[in-house]
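Chain and residue survey
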Amino acid sequence: MGVRTAQARLRAIMSMLETRLHAVHARMQAACQSARRDPSSLQLVCVSKTQPASAIREAAGLGERHFGENYVQEALAKLEQLADLRSQLVWHFIGPLQSNKTRLVAEHFDWVHSVDSLKLARRLSEQRPADRPPLQICLQVNTSGEASKSGIAPEALPALAGEIAQLPRLHLRGLMHIPAPGSDASVHRRLAALLQPGMDQLSMGMSEDLEAAVAAGATWLRIGTAVFGARR
Ligand SMILES: *Cc1c(COP(=O)(O)O)cnc(C)c1O
């Protein structure tokens, strides 16, 4: 069988989602190789905002475990539809967080990547149910300056991280950012340089720039479009 026929057959057998996931994992593998990194030091969060629960179920069936959501109500509806998979999946809240939504996030998620104030961190710690392990969090940093309004200013980070690290029901793991569109690859190195003592995670890299993020030390990639296709 010719190579092209074989590829055509494989494409016909694999679903679109499976094809895209293979491509994303191939990019991750290649990026780790160029950066001389151990692929096991890098994990994929499939960003499933606006995607139906059925797409998440299919991705879980293909071996994905980590899913990222941006909107609390939308996420809770999907968590309910996927309740049978709860013990298998790890849910990451990655969107803008309002203080009136912290309780729901503290109760239902495993990770929050977008903590950007002491007030939010305190609420999450107070509201984390006692029967759940500490909530794993990353602090969102504004590495793009004027171009982006969300995130902690780099100058404020050391003091804030010190206070948040004391909160009993949180485990402060690392840093996250969303670079302004058009940022060059060095923005990821800027975030990496801000890691504080005790932190071991860098949540950075999306569909367009995962290679640059891996080169700069990303441990969590948050990938939506390249996994699920265009958002509806
Ligand atoms: C939507 C989103 C992503 C994924 O973006 P893609 O470009 O679709 O890969 C990652 N992180 C955050 C915070 C997002 O809101």
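Residues numbered from 1 in each chain as written. Predicted model: local features only at pLDDT ≥ 70, side-chain atom pairs only at ≥ 80, totals over all residues. Heavy atoms only, no water.

Let us now look at the overall build of the protein. From N to C terminus, the protein includes ten helices and eight strands. In terms of overall dimensions, the protein is globule-like: its C-alpha atoms have a radius of gyration of 18 Å, near the 17 Å expected for 232 residues. With the C-alpha coordinates aligned to their principal axes, the bounding extent of the protein is approximately 65 × 40 × 30 Å. In the protein, which comprises 232 residues, the proportion classed as buried is 49%. Of the contacts made within the protein by residues no fewer than 6 positions apart, 59% connect residues no fewer than 24 positions apart. Split by element, the accessible area of the protein, about 11500 Å² in all, is 53% carbon and sulfur. Each charge class in the protein was averaged separately, 27 positive and 21 negative side chains, and the resulting centres sit 3 Å apart. (Helix = DSSP H or I, 4+ residues; strand = E, 2+ residues; numbered from the N terminus. Rg over C-alpha atoms; globule rule 2.2 N^0.38 Å. Buried < 20%, exposed > 50% of the residue type's maximum accessible area, 1.4 Å probe, protein only. Contact = heavy atoms within 4.5 Å. Areas by Shrake-Rupley, 256 points an atom, 1.4 Å probe, with all protein chains shown as cover. Lys, Arg positive; Asp, Glu negative; His and termini not counted. Charge placed at Lys NZ, Arg CZ, Asp CG, Glu CD.)

In this structure, F67, I137, L139, I164, L175, L221 and V227 are the most contacted members of the largest nonpolar core, which totals 62 residues. Broken down by element, the residue count for this core peaks at six residues, all from helix α2 (residues 16-34). When near neighbours in sequence (up to four residues on either side) are disregarded, V227 contacts L17, R20, L21, V24, L44 and C46. Listed in part, the six residues of the second largest apolar core include V90, C138, M176 and W220. (Core = buried A, V, L, I, M, F, W, Y, C linked by side-chain atoms within 4.5 Å.)

Next up on the list: the pattern of salt bridges. Under the definition given, this model contains seven salt bridges. Between E74 and K78 there is a salt bridge, and its shortest N-O distance comes to 2.7 Å. With E74 and K78 both in helix α4 (residues 72-81) and four residues apart, this pair spans about one turn of that helix. Judged by its relative accessible area of 24%, E74 falls in the partly exposed class. Ionic pairing is found between R86 and D110, a salt bridge with its closest N-O pair at 3.0 Å. In this pair, R86 sits in the loop between α4 and β3 (90-93) while D110 sits in the loop between α5 (102-108) and β4 (111-115), placing the two residues 24 residues apart along the sequence. Among the residues examined, R86 registers a relative accessible area of 24% and is labelled partly exposed. Linked by salt bridges that have partners in common, E69, E74 and K78 make up one network. (Salt bridge = Lys/Arg side-chain N within 4 Å of Asp/Glu carboxyl O.)

The next thing to look at is the site of the ligand. Taken together, 13 residues sit near the ligand, with K49, N70, S207, T225 and R231 positioned nearest. For the ligand, an oxygen atom lies 2.6 Å from a polar atom in the side chain of N70. Within the side chain of S207, one N or O atom sits 2.5 Å away from an oxygen atom of the ligand. About the coverage of the ligand: the protein hides 90% of its 390 Å² of free accessible area. Its atoms largely coinciding with the cavity grid, the ligand occupies the largest pocket. In terms of residue class, the shell around the ligand is built from six nonpolar, four polar and three charged. (Near = heavy atom within 4 Å. Polar contact = N/O pair within 3.5 Å; in protein donor to acceptor, adjacent residues only side chain to side chain. 1 Å grid on protein atoms, 1.4 Å probe; cavity = no way out; pocket = protein on both sides within 12 Å on 5 of 7 lines; lining within 4 Å. Sits in = over half its atoms within 2 Å of the grid points. Nonpolar A, V, L, I, M, F, W, Y, C, P; charged D, E, K, R; others polar.)

The two faces of a sheet get side chains in turn, since along a regular strand they alternate between them. Residues of strand β2 (residues 66-69) alternate between two faces, with H66 and G68 on one and F67 and E69 on the opposite face, all of them buried. Bridge analysis of strand β1 (residues 43-47) against β2 gives two bridges, and the strand direction is parallel. Within β2, the residue paired with V47 across the bridge is G68. Each parallel crossover has a hand, and the one from β1 via helix α3 (residues 53-61) to β2 is right-handed. Judged from the four bridges that link them, β2 and β3 form a sheet pairing that is parallel. Each residue of the ladder has a partner; that of H66, found in β3, is V90. After leaving β2, the chain enters α4 and then returns to the sheet as β3, a path that is right-handed. (Pairing = 2+ DSSP bridges. Right-handed = clockwise from strand over helix to strand, strands pointing away.)

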